[in-house]
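Residue-level listing of the chains:
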Amino acid sequence: MTRKKNFEKQLYSDEDGLRFATPWPVAAYRAKRLKCSSLADISCGIGGQTVYFARQCEIVYAIEISPTKLELAKKNCKLFGLDNVEFICGDALSQDVIDQIPEVDIVFSDPARAAAEKERDIDNLTPHIPNVLAAYCGKTSNFAFEAPPQLPPERIPFDCELEYLSLNGELNRLDLYFGKLKTCSRSAMALPGAVKLYPKSESLKETDMNSTSKPGKYLYEPDPAVIKAELLPELVAEMHNQNVELFKIDDKRLMLTSNNAVEHPMIKNTYRIVFNAEFIPENINKELKKRGYGKVLLRTEVDPAKYWDIRNRLERNLKGDRKVNLFSKGITSYICEKI
Ligand SMILES: C[S@@+](CC[C@H](N)C(=O)[O-])C[C@H]1O[C@@H](n2cnc3c(N)ncnc32)[C@H](O)[C@@H]1O
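A short tour of the structure in this document, coming up. Since this is a predicted model, take the numbers as computed values, not measurements.

### Things to note about the site of the ligand
With respect to spatial proximity, 23 residues lie near the ligand, and among them A21, S43, G45, G48 and A92 are the closest. Residue composition of the shell around the ligand, grouped by class: 11 nonpolar, 8 polar and 4 charged.

Printed below as a string of structure tokens:
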């Protein structure tokens, strides 16, 4: 038995079951959203998600192609004191398995994916999403899938809601909701607080945000689920009275800025700009020494081969634990304290 902080109880697992099992705050949230009478979890693994479905639904059908994993899912359901799960071992796409599933409210699948891929591809999930939709269309029209969260909206070719989930400020999951489960085109969900953002108007675009190349006194790092769901304009719109502007460091790093400190649950980190300077490590080091800072977190892209040389030049003879974060845009560096 192995225990990881992401699980409420020590789940029974084989070598890789826990690695693919859903962290419990995500599983619990998802089960609440999908609460219904009857649900089929058609690629259940060791049952990390199944146990939470079984807490919310009257009956759950748990299907798994691996007999070992299905046995572990049974043990995990028992561990949670659940007796409303029917277990079926087999290929969820086989006629034999499909015939064993009655009409249900919802079919859910968290498909298997390659451990490592250069670029995530929705076509590389097993069972394949279009095949599941076709195989189970006689059982329900309400489907939910888990997909790799690295996939941007334009690479999901289905008419569904794309819900990007973060857990403790890190991008964690992407859920796709079909049929009556779809409530909007894209959404961002920050867990464990369960803060949701969705488009109030489908027409808001990045170009609708005021953008600046000179930041105000504060920099904000949005929750990564907001960035992935392409909902930054919505976040700015929610903060509209506060003169928040987009401060685009580069295509990968989109930050917000304002002159007054603004709070929003979809802001992951807030920084106060202490000073800005051209990126000359010795000059920045002098300024940091004067101001009593001891450590520099480099939040800018540097050649990995030069990383330690730059860090050492920035931190030479600094003392103490007071930290700054260093962001750069063009030739200017913004030296910030996290607040
Ligand atoms: C990502 S894991 C599921 C993890 C699970 N949701 C959890 O939280 O523990 C995907 C599982 O799908 C199973 N699987 C893959 N293809 C399948 C198929 N055609 N039928 C049934 N199960 C399948 C794999 O064996 C694997 O255990």
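### Focus: the sheet that holds strand 2 (residues 59-64)
Taking strand neighbours across the sheet as the criterion, the 9 strands line up as 3-2-1-4-5-7-6-8-9 in an open arrangement whose pairing is mixed. The open sheet is flanked by strand 3 (85-89) and strand 9 (195-197), the only strands paired with a single partner. When strand polarity is set aside, the average angle formed by the axes of neighbouring strands in this sheet is 20 degrees. For strand 6 (residues 161-167) and strand 7 (residues 170-177), the ladder comprises 7 bridges, and the chain directions are antiparallel. For E161, the partnering residue across the bridge sits in strand 7 and is Y177. Packing of helix 4 (residues 67-79) onto the sheet brings it into contact with strand 2 and strand 3, and relative to strand 3 it is tilted by some 170 degrees.

### A closer look at the pairing of strand 3
The pairing of strand 2 with strand 3 spans 5 bridges and is classified as parallel. Across the sheet, residue I63 finds its bridge partner in strand 3, namely I88.

### Regarding the packing of helix 9 (residues 281-290) against helix 10 (residues 307-315)
Running from N to C, helix 9 and helix 10 point in directions that differ by 35 degrees, and their axes come no closer than 7 Å. Residues P281, E282, I284 and N285 of helix 9 form the contact with helix 10, whose participating residues are I310, R313 and L314. A breakdown of the residues in the contact of helix 9 with helix 10 according to their chemical character gives 4 nonpolar, 1 polar and 2 charged.

### Comments concerning the sheet that holds strand 16 (residues 332-338)
Overall, mixed pairing links the 7 strands, which are arranged 11-12-10-13-16-15-14 in an open sheet. Both outer strands of the open sheet, strand 11 (245-248) and strand 14 (295-298), are each paired with one neighbouring strand and no more. Averaged over all adjacent pairs, the angle separating strand axes in this sheet is 40 degrees, with direction ignored. Bridge analysis of strand 14 against strand 15 (residues 323-329) gives 4 bridges, and the strand direction is parallel. Bridging from a neighbouring strand, L298 pairs with L326 of strand 15. Set on the sheet, helix 9 makes contact with strand 13 (267-278), strand 15 and strand 16; between it and strand 13 the angle comes to about 110 degrees.

### Side note on the environment of L18
Assignment of secondary structure puts L18 in helix 1 (residues 17-20). For L18, a count of 20 C-beta atoms within 10 Å puts it in the buried group. Distance in space between the C-alpha atoms of L18 and G45 is 9.1 Å, their sequence separation being 27 residues.

About the criteria used
Residues numbered from 1 in each chain as written. Predicted model: local features only at pLDDT ≥ 70, side-chain atom pairs only at ≥ 80, totals over all residues. Near = placed C-beta within 6 Å. Nonpolar A, V, L, I, M, F, W, Y, C, P; charged D, E, K, R; others polar. Pairing = 2+ DSSP bridges. Helix = DSSP H or I, 4+ residues; strand = E, 2+ residues; numbered from the N terminus. Axes fitted to C-alpha atoms, helices over the stretch in contact; angles between N-to-C directions. Contact = placed C-beta atoms within 7 Å. Buried ≥ 20, exposed ≤ 12 C-beta atoms within 10 Å, placed from the backbone.

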